[in-house]
Amino acid sequence: MLKINDLTVAVNDGETEILKGLTLEIPAGEVHAIMGPNGAGKSTLSYALTGRDGYDISGGSIDYLGNDLTEMEPEERAAAGLFLSFQYPLEIPGVPTMTFLKTALNAQRKARGEDELTAPEFLKKARAIAADLKIKPDMLKRPLNVGFSGGEKKRMEIFQMLMLEPKFLVMDETDSGLDVDALRIVADGVNRLRNPERGMLVITHYQRLLDYIVPDKVHVLVDGKIAATGDADFAKTLESEGYDKYAA
Amino acid sequence: MSGETRVKDGIERETVEGVRALEAEKYKYGFDSDIEQEFAPKGLNEDIVRFISAKKEEPEWLLEWRLEAYRRWLTLEEPSWAKVDYPEIDFQDMYYYASPVKKEGPKSLDEVDPEILEVYNKLGISLKEQEVLAGVEGAPKVAVDAVFDSVSVVTTFKEELAKHGVIFCSFSEAVKDHPELVRKYMGSVVPVTDNYYATLNNAVFSDGSFVYIPPGVRCPMELSTYFRMNAQGTGQFERTLIIADKGSYVSYLEGCTAPMRDENQLHAAIVEIIVHDDAEVKYSTVQNWWPGDSEGKGGVYNFVTKRADCRGKNAKVSWTQVETGSAVTWKYPSCILRGDNSQGEFYSIAITNGFQQADTGTKMVHLGKNTRSRVISKGISAGRSNSTYRGLVSAHRKAEGARNFTQCDSLLIGDLCGAHTVPYIESDTPTAQFEHEATTSKLSDDQLFYCRQRGLSEEESVALLVNGFCRDVLQELPMEFAVEAQKLVAISLEGSVG
Amino acid sequence: MTSVIEKLPHRRLEAWKWTDLRGQVSDARTGLSQVMRPQFYLPDGISISEGEGASSDSAMGNLAAQFCSMSWNVYVPANTQLDAPIVLDELTQGHMRLAIMVDKGASLNLVEYHRGSESGFANLDIHILLAEGASLERTIVQDDPKDMVRISTACIAMETGASLSQYALSFGGGLTRLETRLYGDGEGVNARINGAYLLEGQRHTDMTSVVHLKHPNSHIRQSVKGVVTDKARGVFQGKFHVERPAQFTDAEMRHDALMLSDRAQIRSKPELEIYADDVACAHGNTIGALDESALFYMRQRGIPLQQARALLMEAFLTDVFDDLEDEALQASLVDKLRTRLEALS
């Protein structure tokens, strides 16, 4: 589903290389986790996948469902089903959450040639999902993420994810800032989306999240490359042993 | 300021003790010194300009420079846009040259008139001590250029500086010994015709300091100039020229005092700083000219043009000023951020009390790419004084990625004073990011009460809280000045409560 | 004709340094020496008359008086609560003088539509007196052709306990200046002075205000926001002047502007002149581009770039109208902004 081949990515006007030949394949239906020390390039990978400005792809390729991802605008990637749950979700003052989400959902549907959702259809869907995630209705009326706690913001990311029903999920440090109860709610939401057509990439610093979202494979990202790969238990080994032995 | 006050103790204790110890002295630098002086006749005309030039044995080009400036000055009008009010200055009723009588310039400290050394001792700048200290391990070294009225009397540590290639001398010496540097840089930051007072300075400037730091040299000690206006009815027109060549660094301190006099003394100086690639200059001022008496009589008119040109890439300049003196202040230390990635900073505390008026601020002119500037201004008005922050932040169309942050806070103590903020913000590029915040408020009654409950007097409490209000700026000062500055804050506010 | 031009303020005057009126106006302008023919829509019970009106001490006020010997006068009797606004329309070109008195305890909604003509010139000199406890909601919609020159100056005197809410929406013109001079002549006045400008092409809007407080306990909030693109120029000049007796003043001023093009310009001068010590006064000013991270976030969720920009700008600008009480009017302002924002791309 997602094939990353020998990817190099630089930031700082191309001066600082962060990813240095990363190769990774995630078939549909699988959940892969990426772990690694700070500065290994985990967030860079998530931004390179989603097309953020300033992350220059200087080599290699990203194939997503047969398309060259690097040639697509961020919103085209989103419409093609790529969703990034941000490590630090943005606050957008003045734009109510519901307005934002409806605009996003209908823009994606329009890009895919689907009919736009009517207001009642949209509302019904939103209310149901909000209830599952224990999100109070008045939160949806407030400007997006403005004044939300860290945990509320992460929950709002999952809410958007469930609303947009993406094909491929990238979760960047989704567990940071969450207490155990919130973590369970978030993980339940993610697990609900697991199915044979969907792929997921879970980026995390701690093994804790992987107790709730059990991955098919765990990769270690060190110094811009995948240094080792293992199964779900490998995450526990990593957590106890650290990343030092994978360092160059 | 004797040895014991140099103790760098806890900040709060220092402040409180400073207030206590100096209770009676409102302006302790206000003594008069009886030193034999040589004056040029009163008044200003081409002959006076020629006289000054001749006295200083200047080359022909500099005389021409002065005369041209003088003629230009005659065509200019005194600026009136600042929020200051003072009686018309009679430029003919003033001495433009005063010098301690001494045939030859002093070669070393031993040759300096002991009376002058005594004056500096009283000011807390013991020039001898500085030299002696040099031998003491761990003692901070500060090279001092002392300017007494119109003339630089002595520069310490010259030899040691010379070993590093650093030139630190009086402006007059620089004209004689390093004419190529003077001619190359003088007037290149502040043009002769920049403004009324600057043009006047170009015509009649007396002396000042000259600094050149060669490429890659980190100046081994702080450089410092102390200005003392002593003679009656004199104007002081010094100029300072600092050149930081590629990759060099220097920290420069400037201090000023004047005796108490009934009439107003005029100070119209120019400071030019040139900063080349990767170089950094830190310029700190404690300005404590005589502010006038409690009725608003006398005091110094301080009309100063200070500007730094960050000519090279990654150049950095930082202005830090503590302004407690002068009857009228008109002063805007500025940064021309020409080189890409260059940085300008302005940290200012301006305290006015009595009848003082201060109109001060900065200009941050962003010309190069990714230039950054930061302005932190703290204005404190007490008594019947007025304090104005006036600033300009501008981004040229080519100044892509320019950044500015400005914070101006004003504090009013008593209801007969005024605090004003007049920022000009101009942006011509969408990639510039400018942020400006300003507040005007009074000291919190709750905080005052809290301090007094713990046993501080009202005045001590005010001094303490004002020092807290100024903290962001005080901590930018070099250690040697920080303690002195805190005391000044306390002294300046004496009589502001109750 | 030349004499009119000579009387116009120019950039050498501090208050007009960024809005060079004299430099923009030539004899060819229509309306330069005409009297404006405005249209008034008055609620029941309110009448309009012609009279001497208020005298002005400004250059533009004097100029208006030169052409209009009479002023339009509107009187709202004490304790009147009107169910409809006074609407001013056809403020196309020429000079006009208007004086409105809202007597004690009365309240008024005033809506002004400033829509001019090609190459036109308009000069409005408006004087409003809000008597004790009176309140006014004033909404200004300015939408002129791109070469129209318009100066509108409103002097609003407020007596004890009076309140003012002002909302201005400006799309600029060859040169537009909306000036508000507020005088707190009594204790405890309450004012909100908000504005938004959206400028493209070579349009120019200048929002200038002076709030002059002479008595204690006033509460002032000001927020002006602007978006400029192409070669447009936005000017904000705001001043709070708090005199010694005006203790306990609580006043905040903000100006925030977004620049979308490298030929656009913003000029800003948020000024405080404070003589009272027990006050809380503040101003803030930001200038910058749209938040890149917010844009990326929105695009990551599938919102196309242009739409994301429009949405962010709409949110940015319209928040100055949040407290407008007339909801239909508020919606119409937001609509106008949205239409222009969508056309920007």
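To be clear, the structure that these remarks concern was listed above.
Residues numbered from 1 in each chain as written. Chains lettered and ligands numbered in written order. Predicted model: local features only at pLDDT ≥ 70, side-chain atom pairs only at ≥ 80, totals over all residues. Heavy atoms only, no water.

For the overall build of chain B, give the residues involved together with the corresponding values.
Across its full length, chain B holds 13 helices and 25 strands. Residues classed as buried in chain B amount to 63% of the 498 residues present. Considering only contacts in chain B between residues 6 or more positions apart, those separated by 24 or more positions represent 84%. For chain B, the computed accessible surface area is about 18500 Å², with 48% contributed by carbon and sulfur atoms. (Helix = DSSP H or I, 4+ residues; strand = E, 2+ residues; numbered from the N terminus. Buried < 20%, exposed > 50% of the residue type's maximum accessible area, 1.4 Å probe, protein only. Contact = heavy atoms within 4.5 Å. Areas by Shrake-Rupley, 256 points an atom, 1.4 Å probe, with all protein chains shown as cover.)

If you had to explain a negative patch on the surface to someone new, which residues and values would you point to?
Taken together, the side chains of D13(A), E15(A), D53(A), D56(A), D291(C) and E292(C) define an acidic patch exposed on the protein surface. Following the sequence through the fold, D53(A) ends up in the loop between helix 1 (42-50) and strand 4 (56-64). Judged by relative accessible area, D53(A) falls into the exposed class, the value being 59%. (Patch = residues over 30% accessible without salt bridge, like charges linked within 9 Å, V, L, I, M, F, W, Y side chains within 5 Å. Salt bridge = Lys/Arg side-chain N within 4 Å of Asp/Glu carboxyl O. Lys, Arg positive; Asp, Glu negative; His and termini not counted. Charge placed at Lys NZ, Arg CZ, Asp CG, Glu CD.)

Requested: an account of the environment of R184(A), with residues and values cited.
Residues and elements named next belong to chain A. The residue R184 is located in helix 7 (residues 180-193) in this model. Taking relative accessible area as the criterion, R184 reaches 41% and is therefore assigned partly exposed. C-alpha separation for the pair R184 and S58, spaced 126 residues apart in sequence, amounts to 39 Å.

Describe the pairing of strand 4 (residues 86-89) of chain C, with residues and values.
Residue and element names in this part refer to chain C. Judged by which residues are buried, strand 4 turns out to be covered on both faces: I86 and L88 on one side and V87 and D89 on the other are all buried. As paired strands, strand 4 and strand 6 (residues 107-114) are joined by 3 bridges and run parallel to one another. Bridge pairing links I86 to L110 in strand 6. (Pairing = 2+ DSSP bridges.)

Can you lay out the pattern of salt bridges for me, pointing to particular residues and giving the numbers?
The full count for this structure, using the stated rule, is 55 salt bridges over all chains. Across the pair R109(A) and E114(A) runs a salt bridge whose closest N-O atoms are separated by 4.0 Å. For R115(C), the salt bridge identified is with D89(C), shortest N-O distance 2.9 Å. Taken together, the positions of R115(C) in the loop between strand 6 and strand 7 (121-130) and D89(C) in strand 4 put the pair 26 residues apart, joining distant regions of the chain. Judged by its relative accessible area of 36%, R115(C) falls in the partly exposed class. On the basis of relative accessibility, which here comes to 13%, the residue D89(C) falls in the buried class.

Quick one: what's the story with helix 5 (residues 305-318) of chain C, residue by residue and with numbers?
Compared with the 20 Å implied by 1.5 Å per residue over 14 residues, the 20 Å span of helix 5 of chain C between its first and last C-alpha is a close match. Across the 14 residues that make up helix 5 of chain C, a large majority, 10, are buried. The complete set of buried residues in helix 5 of chain C reads A308(C), A310(C), L311(C), L312(C), M313(C), E314(C), A315(C), F316(C), L317(C) and T318(C). Looking at the buried positions of helix 5 of chain C, the neighbouring elements they touch are helix 3 (97-111) of chain A together with strand 12 (190-199), strand 14 (219-228), strand 16 (250-259), helix 4 (292-300) and helix 6 (327-344) of chain C. (Expected span 1.5 Å × (residues − 1).)

Describe in detail the interface of chain C and chain B, supporting the description with residues and values.
The interface is formed by 37 residues belonging to chain C together with 32 residues belonging to chain B. When the two sides are added together, the surface that chain C and chain B hide from each other amounts to roughly 2700 Å², 48% of it contributed by carbon and sulfur. Together, D277(C), H283(C) and I287(C) form the three largest contributors to the area buried by chain C at its contact with chain B, with a combined 20%. For the pair chain C and chain B, the number of links is 5 salt bridges. With its nearest N and O atoms 2.9 Å apart, the salt bridge here joins K83(B) to E273(C). The interface formed by chain C and chain B contains 20 residue pairs in polar contact (both at pLDDT 80 or more). When residues of the side of chain C that touches chain B are traced back to their parent elements, those giving at least two are strand 16, strand 17 (265-274) and strand 18 (280-288) of chain C. The element best represented in the side of chain C that touches chain B is strand 17 of chain C, accounting for 10 residues. (Buried area = accessible area lost by both parts, 1.4 Å probe. Polar contact = N/O pair within 3.5 Å; in protein donor to acceptor, adjacent residues only side chain to side chain.)

Outline the packing of helix 2 (residues 46-55) of chain B against helix 3 (residues 60-75) of chain B, listing residues and values.
Residues and elements named next belong to chain B. Running from N to C, helix 2 and helix 3 point in directions that differ by 155°, and their axes come no closer than 10 Å. For the element pair helix 2 / helix 3, the angle class is roughly antiparallel. Considering the relative orientation of helix 2 and helix 3, their crossing is right-handed. Contacts from E46, V49, R50, I52 and S53 of helix 2 reach helix 3 at L63, R66, L67, Y70 and R71. Residue composition of the contact of helix 2 with helix 3, grouped by class: 5 nonpolar, 1 polar and 4 charged. (Axes fitted to C-alpha atoms, helices over the stretch in contact; angles between N-to-C directions. Parallel < 35°, antiparallel > 145°, perpendicular 65-115°, else oblique. Left-handed = near helix turned anticlockwise from the far one by under 90°. Nonpolar A, V, L, I, M, F, W, Y, C, P; charged D, E, K, R; others polar.)

Break down a positive patch on the surface for me, with residues and values.
A contiguous patch of positive charge on the surface is contributed by K369(B), R397(B), K398(B), K231(C) and R263(C). Here R397(B) is to be found in the loop between strand 22 (386-395) and strand 23 (403-413). For R397(B), a relative accessible area of 36% corresponds to the partly exposed category.

So what's going on with the sheet that holds strand 7 (residues 168-172) of chain A? Residues and values would help.
Residue and element names in this part refer to chain A. Reading across from one edge, 6-7-8-3-9-10 is the order of the 6 strands in this open sheet, with mixed pairing throughout. Looking at which strands have only one partner, the edges of the open sheet turn out to be strand 6 (82-85) and strand 10 (225-230). Across the sheet, the axes of successive neighbouring strands diverge by a mean angle of 20°, strand direction being ignored. Direction of pairing for strand 3 (residues 31-35) relative to strand 9 (residues 217-222): parallel, over a ladder of 4 bridges. Considered in strand 9, the bridge of I34 is made with H219. In this fold helix 9 (residues 232-241) packs onto strand 3, strand 9 and strand 10, with an angle of close to 40° to the strand it touches most, strand 9.

Run through the sheet that holds strand 1 (residues 2-11) of chain A, naming residues and quoting values.
Each strand in a sheet pairs with another by means of backbone hydrogen bonds, the pair being arranged parallel or else antiparallel. All names here are of chain A. Pairing within the open sheet is antiparallel, and its 4 strands lie in the order 2-1-4-5. The open sheet has two edge strands, strand 2 (16-26) and strand 5 (67-68), and neither has a second partner. Relative to strand 4, strand 1 is paired through 7 bridges, and the arrangement is antiparallel. Bridge assignment links V9 to a residue of strand 4, and that residue is I57. Lying on the sheet, helix 1 is in contact with strand 1, strand 2 and strand 4; it crosses strand 1 at an angle near 110°.

I'd like to hear about the interface of chain C and chain A, residue by residue, with values.
Listed as interface residues are 18 residues of chain C and, on the opposing side, 30 residues of chain A. Both faces considered, chain C and chain A share a buried interface measuring about 2000 Å² in area, 66% of it formed by carbon and sulfur atoms. Our count for the chain C to chain A interface comes out at 3 salt bridges. Residue R301(C) pairs with E157(A) through a salt bridge whose shortest N-O separation is 2.8 Å.

Explain the side chain of K306(B) to me, using residue names and the numbers behind them.
Residue and element names in this part refer to chain B. Position of K306 relative to the elements: it lies in strand 14 (residues 299-310). For K306, the side chain forms a polar contact with the side chain of E254, separated by 3.2 Å. Polar contacts involving the side chain of K306 include one to the side chain of T285, which spans 3.2 Å. Once you skip the residues sitting within four places of it in the chain, K306 turns out to touch E254, V271, Y283, T285, W319, K331, Y332, P333 and S334.

Kindly report on the side chain of T320(B), identifying the contributing residues and their values.
Within the secondary structure, T320(B) is located in strand 15 (residues 316-323). Leaving out residues up to four positions away in the same chain, T320(B) has contacts with K282(B), Y283(B), S284(B), T285(B), Y347(B), V473(B), E476(B) and L477(B).

Break down helix 6 of chain C for me, citing the residues and quoting the values.
Since the α-helix advances by 3.6 residues per turn, residues separated by three or four positions end up pointing in the same direction. Residues and elements named next belong to chain C. With 18 residues, helix 6 extends 26 Å between its outermost C-alpha atoms, agreeing within 8% with the 26 Å of an ideal straight helix rising 1.5 Å per residue. Residues of helix 6 that are buried sit in contact with strand 6, strand 8 (135-142), strand 10 (163-170), strand 12 and helix 5. Looking at where helix 6 begins, the residue whose side-chain oxygen comes 3.3 Å from the main-chain nitrogen of A328 is D326.

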